[in-house]
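What follows is each chain in one-letter form.
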Amino acid sequence: MISRTRHIQLSPESGTEEEDNYNLYVIVTFPDRSRWASDFYTFKNIEAIRQDYLQSGACLNGAYWSAPNYLTVVDHIDRKRIEEVVDLYISEGTFEYAFEYIGQVTERDLKIIDYPKGFFNPLEKLEDRYVMRQFAAIEFMLENAAPETIAVIKKIIAEKQ
């Protein structure tokens, strides 16, 4: 299970006058140093984008919108609403389907993000099921990969052992 202890970073930080017509990128970090990302849009913002496309002629005159892979649509955006949704995903066990794993915290992240003191726990590791889920996707892709690509991947894995 994903830890209930989390750090949420909003980009850009909400505070707009139109919290019901807004979108932002959310990164959630856990004590195991894993980072997960998702986009949050409001219902009104999606309609505003569609109206812009209708006027500009983009996306077949508003006939479609290519949404991000990991997307949550909410009634309004502010820190409290984002935290409520993230916490609900965690408690329901659906977090990994709403957020994409984007890697571990880097040294650069530690310099630019204000994580709480003592937030990270070196004993916590990614759960096996998350790693295996990612591996299953890679394994499926490798079935159609060039032999040269497979050889490079094998070399990288061998070096890590």
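Only a predicted model underlies this, so the values are computations on that prediction, with no experimental measurement involved.

**Observations regarding the pairing of strand β2 (residues 23-29)**
Part 1 of the reasoning: Buried residues dominate β2, accounting for five of its seven residues.
Part 2 of the reasoning: Bridge analysis of strand β1 (residues 7-11) against β2 gives five bridges, and the strand direction is antiparallel. Bridging across to β2, Q9 finds its partner in I27.
Part 3 of the reasoning: Where β2 lies against strand β3 (residues 34-42), seven bridges are found, and the strand directions are antiparallel. Across the sheet, V26 pairs through a bridge with S38, a residue of β3.
Part 4 of the reasoning: From the end of β2 to the start of β3, which pair antiparallel, there are four residues, and R33 there has a positive phi angle of about 75°.

**Points about unusual backbone geometry**
Comment: phi is negative for the bulk of residues other than glycine, and the bulk of peptide bonds are trans.
Part 1 of the reasoning: Residues other than glycine seldom take positive phi values, yet C59 does so here, at roughly 50°.
Part 2 of the reasoning: With a phi angle near 60°, N61 is a residue other than glycine that sits in the positive phi range.

**Section: the packing of aromatic side chains**
Part 1 of the reasoning: According to the stated counting rule, one finds eleven aromatic pairs in the structure shown.
Part 2 of the reasoning: Summarising the aromatic geometry, the rings of W36 and F95 are spaced 5.6 Å apart at their centres and angled 70° between planes, so their arrangement reads as edge-to-face. Taken together, the residues span a long stretch of sequence, with W36 in strand β3 and F95 in helix α4 (residues 95-98) at a distance of 59 residues.
Part 3 of the reasoning: Residue classification places W36 among the buried residues on the basis of a relative accessible area of 4%.
Part 4 of the reasoning: Ring geometry for Y89 against F99: centres 6.3 Å apart, planes inclined by 75°, an arrangement best described as edge-to-face. On the criterion of sequence distance, the pair formed by Y89 in helix α3 (residues 79-92) and F99 in the loop between α4 and β5 (100-104) is long-range, its members being ten residues apart.

Rules of the game
- Residues numbered from 1 in each chain as written.
- Predicted model: local features only at pLDDT ≥ 70, side-chain atom pairs only at ≥ 80, totals over all residues.
- Heavy atoms only, no water.
- Buried < 20%, exposed > 50% of the residue type's maximum accessible area, 1.4 Å probe, protein only.
- Helix = DSSP H or I, 4+ residues; strand = E, 2+ residues; numbered from the N terminus.
- Pairing = 2+ DSSP bridges.
- Phe/Tyr/Trp six-rings, centres within 6.5 Å; stacked < 30°, edge-to-face > 60°.

Such coordinate-based values are descriptive only and should not be taken to indicate function.
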